[in-house]
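# Architecture at a glance
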Amino acid sequence: MKCALVTGGSRGIGRAICIKLGSLGYHVLINFRSNSAEADQTLSLIHNNKGTGELLPFDVSNKKDISETLGLWTEAHKEDHIEVLVNNAGIKDDVLIMWMKDEQWENVIRTNLDSFFYVTRLVINDMLMKRYGRIVNIVSLSGLKGLPGQTNYSAAKGGVIAATKALAQEVGRRGITVNAVAPGFIKTDMTENISEKEMKSIIPVNRFGTVDEVAHLVAFLASPESGYITGEVISINGGLYT
Ligand code: NDP
């Protein structure tokens, strides 16, 4: 089986990516942390499109959980190959630095940045052996520009952007591409408290983006035909920041 692992696939952008990759023939491994009802819904939507998938819950901020759960899956599926890895799971916890607690810094760094390392390191061995792989990291405008109140989140996403560029150079010869997608404002649970009505005037396209628009870009980068694009950070932000 050709598999695609999407972290944070239960909701939002991750769900749309799962559905898109499922419709392209990948068996989708839907990772999530705790929201199994939403993850079940993602799987049903994949099935509705005649795709296949399975749930693979683990906490991307916990390296032990990653190595146990994903490690077990890999051991038990020696004939199956994760060809596409989308590091999408993420959280934000915004506060000005003077009021930021240790846990707020650590949780955001662990979930958004450390997860890239621990998940990718496990998955990439098989890609190296097969001499083929597509890795897409979901970062953020915040990691490119920096946003006030998000020193933790900007640092984490900026770290993933730098790691994307470094890893692309490590593994390019082995047929593996590594790219990042940097969304602006996309309509999901993460942005539910941000008013589109108030913000849209500063966005040239005059609206928030949709999860399907992000999934379309991820599917493009994940396709075999995109093999000459690597180490790139592609913004999808309606022209808000270039
Ligand atoms: P949502 O809050 O809608 O969904 C987050 C997803 O990540 C859920 O599936 C959640 O699982 C999962 N998740 C969170 N923490 C963990 C964890 N520790 N282990 C495993 N899974 C976890 O987020 P979005 O869809 O909006 O965001 C997706 C990605 O896009 C994130 O990396 C985010 O930073 C980035 N992004 C989003 C933007 C936006 O405007 N929405 C803008 C720029 C970047 P569960 O359901 O179990 O909680």
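First, a word on what this report is: a plain description of the structure on this page. (Residues numbered from 1 in each chain as written. Predicted model: local features only at pLDDT ≥ 70, side-chain atom pairs only at ≥ 80, totals over all residues. Heavy atoms only, no water.)

## Some remarks on the packing of helix α3 (residues 63–76) against helix α4 (residues 102–130)
Short version of the rule: Fitted lines through C-alpha atoms give the axes, limited to the stretch in contact for helices. The angle between two N-to-C directions lies from 0 to 180 degrees. Runs of E in the DSSP output that reach at least two residues are strands. Runs of H or I that reach at least four are helices, and both are numbered from the N terminus. Angles are sorted into four bins: roughly parallel if under 35 degrees, roughly antiparallel if over 145, roughly perpendicular if 65 to 115, and oblique for all others. Should the near helix be turned counterclockwise from the far one by less than a right angle, the crossing is left-handed, whereas a clockwise turn marks it as right-handed. In what follows, residue pairs with any heavy atoms lying within 4.5 Å of each other are defined as contacts. For this scheme, ten residues count as nonpolar: Ala, Val, Leu, Ile, Met, Phe, Trp, Tyr, Cys and Pro. Four count as charged, namely Asp, Glu, Lys and Arg, and the remainder, Gly too, count as polar.
Closest axis-to-axis distance for the α3/α4 pair is 9 Å, and the angle between their directions is 25 degrees. It follows that α3 is roughly parallel to α4 by the angle criterion. At the point where α3 passes α4, the crossing takes the right-handed sense. Packed against α3, whose contacting residues are K63, I66, S67, L70 and G71, the element α4 presents Y118, V119, L122 and V123 at the interface. Classifying every residue of the contact of α3 with α4 gives six nonpolar, two polar and one charged.

## Quick look at the site of the ligand
Let me state the cut-off plainly: Only a single heavy atom is needed: when it lies within 4 Å of a molecule or strand, its residue is near that molecule or strand. The term polar contact refers here to a pair of N or O atoms within 3.5 Å; inside protein, the definition further demands a hydrogen-donor-capable atom paired with an acceptor-capable atom, and it admits residues adjacent in sequence only when both atoms are side-chain atoms. For accessible areas, the Shrake-Rupley method is used with a probe of radius 1.4 Å. Any residue's cover is judged against the shown protein chains and nothing else. Both site types are read off a 1 Å grid over the protein atoms alone. A 1.4 Å probe that fits but cannot get out defines a cavity, while an open set with protein on both sides within 12 Å along at least five of seven lines defines a pocket; lining residues have an atom within 4 Å of a point. Here the criterion for a molecule occupying a pocket or cavity is that more than half of its atoms lie within 2 Å of the pocket grid points.
S10, S34, N88, Y153 and T188 are the nearest of the 33 residues found near the ligand. Within the side chain of S10, a nitrogen or oxygen atom sits 2.6 Å from an oxygen atom of the ligand. Residue T188 places a side-chain N or O atom 2.5 Å away from an oxygen atom belonging to the ligand. In the complex, 96% of the free accessible area of the ligand, which totals 910 Å², lies under the protein chains. Put simply, the ligand lies in the largest pocket. Taken together, the elements giving at least two residues each to the shell around the ligand come down to α1 (12–23) and α6 (151–171).

## Some words on the sheet that holds strand β4 (residues 81–87)
How we decide: What makes two strands pair is DSSP finding at least two bridges between them.
If you trace the seven strands from one edge of the open sheet to the other, you get β3-β2-β1-β4-β5-β6-β7, paired in parallel fashion. Every interior strand has two partners, whereas the edge strands, β3 (52–55) and β7 (233–236), have only one. Each adjacent strand pair in this sheet contributes to an overall mean axis angle of 20 degrees, direction not counted. When strand β1 (residues 2–6) meets β4, the two strands line up parallel, connected through five bridges. Across the sheet, K2 pairs through a bridge with H81, a residue of β4. Of the strands in this sheet, β2 (27–30) and β3 are in contact with helix α2 (residues 36–48), which crosses β3 at around 170 degrees. Of the strands in this sheet, β1, β4, β5 (133–138) and β6 (176–183) are in contact with α4, which crosses β4 at around 150 degrees.

## Concerning the environment of E225
Using the following cut-off: Categorising residues by exposure relies on relative accessible area from a 1.4 Å probe, with only protein chains included: less than 20% of the type maximum marks a residue as buried, more than 50% marks it as exposed, and the intermediate range marks it as partly exposed.
Locating E225 in the fold gives a position in the loop between α8 (211–222) and β7. Under the relative-accessibility criterion, E225 is labelled exposed at 69%. With 144 residues separating them along the chain, E225 and H81 place their C-alpha atoms 19 Å apart.

## Digging into empty space enclosed by the protein
Applied cut-off: Grid points are joined across faces, edges and corners, and a volume is the space filled by probe spheres set on the points.
Evaluated as defined, the whole model comprises one cavity of 30 Å³ or more. Approximately 90 Å³ is the volume attributed to the largest cavity. Along the walls of the largest cavity sit 13 residues, with N87, N88, A89, N112 and S115 positioned nearest its centre. Going through the elements one at a time, α4 and α6 are the ones with two or more residues in the lining of the largest cavity. Tallying contributions element by element places α4 first for the lining of the largest cavity, with five residues. Per-class residue counts for the lining of the largest cavity are six nonpolar, six polar and one charged.

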